[in-house]
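# Per-entry structural report
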Amino acid sequence: MNTEAVCVLGATGSIGQNTLDVIRQHPDRWRVAALTANTNVVDMLALCKEFRPEYAVMSDAASASALVSECRTHSLPTEVLAGEQSLVDVAALDQVDTVMAAIVGGAGLASSLAAARTGKKVLLANKESLVMSGQLFMDTVARSGAQLLPIDSEHNAIFQCMPNNYLAGQQAKAVERILLTGSGGPFRQMPIEQLQNVTPAQACNHPNWNMGAKISVDSATMMNKGLELIEAVWLFNTRVEDVEIVVHPQSVIHSMVQYNDGSVLAQMGNPDMRTPIAHGLAWPERVFAGVQALNLVEVAKLSFERPDFERFPCLRLATDAALAGGSFSCVLNAANEIAVEAFLQHDIRFTDIARIVEECLGMANSVELSSIDAVLEVDKAARARARQCLAATQV
Ligand code: NAD
Ligand code: MG
């Protein structure tokens, strides 16, 4: 059997590392053609030694040059590249069959789109790119014939519970609702008045998942669930009103699909991203992922709650942005990225994140996003406005 060539964008991150862990267990199925990272030369070198990719991309020239000399010292076959265009180039390489899009934030947009444009099997973890460019992204996938597979655990679960051919087939009409589950994050039960004093370390201490800093803060504000609502609307061609957010603190059910005959299908498993990653990589087959089997007797209890829109204003903002249309989602994402970064730097309070996003949305207009340049322009303007809001914020 020929091995499939994989490009892992964001290889040093949480999703990147989990992806490489699945690949490591199946050298007969997958080989690594390209890896990318921001500036972490030490981790990238270790990955280059282990996986010997043809290409490794670093964000800046200094990191790339440090990696070049290390690769030479260790006689590695890897060609080292630098910069944003190189992310696009490796995602679009002819010899690459599958791209894991696992860069965090808007920095992943161009490379995720490049994988879609060149008709790859696109494993999409980088939800922000879909939130920013939904229609453009889905049109690009449809035009190129790319196979888009969701890696976000909820969307992967929904994908597993959907009928075949759900975008076009008769069966799609049988789907009444998507039940998008979320744990509620670390602050689900904290007295609301204490939220303004929580620290980045507390926000990043998720009860069930071990993830990168940005998505951990998004989970704590529940903006993550808001971004996922928008992601679900695009991926499954559904209305905002037909996606219901359900808080499920145990994170054992990863989401559900409700059918018109009364059936509700759920996908369950331990909260371990190697399950959706292995599912995406091997689809339509299944492979061993190294994930511990779910022990329902040990879990004992599954509970469900309605989301609290007062505690989590980001949920309301994301829902409103989803209803208002594509460019509002793009503004929501951009403002959130700037605000989360400022919170992680201790420049603003946790509760300022929603306030800054709300201010930016209040100043936004509806814009047609039919090209990547149009998306990037809206994104840039929203980031600039968010920075102005930050400057006016006193901690
Ligand atoms: P992370 O912070 O752990 O890793 C991010 C990766 O992107 C790293 O390899 C980093 O080097 C790279 N990167 C960061 N900024 C970059 C830039 N400007 N240019 C190029 N590369 C850059 O993040 P993560 O938790 O792995 O999340 C990655 C994506 O997957 C996010 O979009 C997140 O929402 C999504 N996701 C993550 C999880 C999870 O469990 N971690 C679950 C669902 C979805
Ligand atoms: Mg998720």
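In what follows, the structure referred to is the one given above.
Residues numbered from 1 in each chain as written. Chains lettered and ligands numbered in written order. Predicted model: local features only at pLDDT ≥ 70, side-chain atom pairs only at ≥ 80, totals over all residues. Heavy atoms only, no water.

### Focus on the sheet that holds strand β6 (residues 121-124)
Strand pairing in a sheet relies on backbone hydrogen bonds. The paired strands run either parallel or antiparallel. Defined as follows: Strand pairing requires that DSSP identify at least two bridges connecting the strands. The numbering of helices and of strands both runs from the N terminus, where a helix is a DSSP run of H or I of at least 4 residues and a strand a run of E of at least 2. All axes here are fitted lines through C-alpha atoms, helices being fitted over the stretch that makes contact, and every angle between N-to-C directions spans 0 to 180 degrees.
Taken together, the seven strands give an open sheet; going across it, the order is β4-β3-β2-β1-β5-β6-β7, and neighbouring strands pair in parallel fashion. If you trace the sheet from one side to the other, it starts and ends with β4 (79-82) and β7 (147-150), each paired once. Direction aside, the axes of adjacent strands within the sheet are offset by 25° on average. As paired strands, strand β2 (residues 30-36) and strand β3 (residues 55-58) are joined by three bridges and run parallel to one another.

### Here we look at the pattern of salt bridges
Definition in use: The term salt bridge refers to a side-chain nitrogen of Lys or Arg lying within 4 Å of a carboxyl oxygen of Asp or Glu. Classification of residues uses two cut-offs on accessible area relative to the type maximum, computed with a 1.4 Å probe and protein chains only: under 20% is buried, over 50% is exposed, and between them is partly exposed.
According to the stated counting rule, one finds 21 salt bridges in the structure shown. Where arginine 31 meets glutamate 54, a salt bridge forms, and the shortest distance between an N and an O atom there is 3.4 Å. Residue arginine 31 is found in strand β2, and its partner glutamate 54 is found in the loop between α2 (41-51) and β3; the two are separated by 23 residues along the sequence. The class of glutamate 54 is partly exposed, set by a relative accessible area of 32%. Each of the salt bridges in this network shares a partner with another, and the network as a whole consists of Asp21, Arg24, Glu50, Asp272 and Arg274.

### Digging into the coordination of the magnesium ion (ligand 2)
Short version of the rule: The rule for donors is simple: an N, O or S atom within 2.8 Å of the metal counts, and for Na, K and Ca the reach is 3.2 Å. Water is not among the atoms, so a site may look short of donors.
Around the magnesium ion (ligand 2), the protein supplies Asp152 (OD), Glu154 (OE) and Glu228 (OE) as donor atoms, at distances of 2.1 to 2.2 Å. Counting the intervening residues between successive donors of the magnesium ion (ligand 2) yields the motif D-x1-E-x73-E. Glutamate 154 matches aspartate 152 in its accessibility class, with the two residues each being buried.

### Concerning the layout of surface pockets
Condition: The distinction between a cavity and a pocket rests on a 1 Å grid over the protein atoms alone: a 1.4 Å probe fits inside a cavity but cannot get out, while a pocket stays open yet meets protein on both sides within 12 Å along at least five of seven lines, and a residue with an atom within 4 Å of a point counts as lining. Grid points are joined across faces, edges and corners, and a volume is the space filled by probe spheres set on the points. Here the term charged refers only to Asp, Glu, Lys and Arg, the term nonpolar to Ala, Val, Leu, Ile, Met, Phe, Trp, Tyr, Cys and Pro, and the term polar to all other amino acids, Gly among them. Those domain boundaries reflect an automatic or database domain assignment.
In this structure, the second largest pocket occupies an estimated 650 Å³ of space. Lining the second largest pocket are 27 residues, and of these Leu148, Phe159, Tyr166, Leu167 and Leu235 sit closest to its centre. Going through the elements one at a time, α6 (127-144), β7, α7 (153-161) and α10 (223-235) are the ones with two or more residues in the lining of the second largest pocket. If one sorts the elements of the lining of the second largest pocket by residue count, α6 sits on top with five residues. Along the lines of polarity and charge, the residues of the lining of the second largest pocket split into 16 nonpolar, nine polar and two charged. Viewed by domain, the lining of the second largest pocket spans two of them, domain 1 (4-151) and domain 2 (158-325), each represented by three or more residues.

### Some remarks on the site of ligand 1
Basically, it comes down to this: By convention in these notes, a residue is near a molecule or strand provided one of its non-hydrogen atoms lies within 4 Å of it. For the purposes of these results, a polar contact is taken to be a pair of N or O atoms within 3.5 Å, where, inside protein, one atom must be able to donate a hydrogen and its partner to accept one; residues adjacent in sequence count only when each atom of the pair is a side-chain atom. Under the convention used here, a 1.4 Å probe and the Shrake-Rupley method define accessible areas, while residue burial counts only the protein chains that appear.
In the vicinity of ligand 1, 22 residues are found, and the nearest of them are Thr12, Ser14, Ile15, Asn38 and Glu128. Within the backbone of alanine 125, an N or O atom sits 3.4 Å from an oxygen atom of ligand 1. Considered on its own, ligand 1 offers 830 Å² of accessible surface; in the complex 86% of this is hidden by protein. Elements with a minimum of two residues in the shell around ligand 1: α1 (14-24) and α6. In the shell around ligand 1, the residues fall into 11 nonpolar, eight polar and three charged.

### Let's talk about the packing of aromatic side chains
Aromatic ring pairs are reported here in terms of the distance separating the ring centres and the angle at which the planes meet. The condition is simple: Classification of ring pairs rests on two measures: the distance between centres of Phe, Tyr or Trp rings, Trp counted by its six-membered ring, which must be within 6.5 Å, and the angle between planes, read as stacked under 30 degrees, edge-to-face over 60 and tilted in between.
What the rule picks out here adds up to five aromatic pairs. Consider the rings of tyrosine 166 and phenylalanine 236, whose centres lie 5.4 Å apart with planes at 55°: the pair is tilted. Taken together, the residues span a long stretch of sequence, with tyrosine 166 in the loop between α7 and β8 (175-182) and phenylalanine 236 in the loop between α10 and β9 (243-247) at a distance of 70 residues. Given a relative accessible area of 5%, phenylalanine 236 falls into the buried group. Taken together, Phe159, Tyr166, Phe236 and Trp283 form an aromatic cluster joined through their ring pairs.

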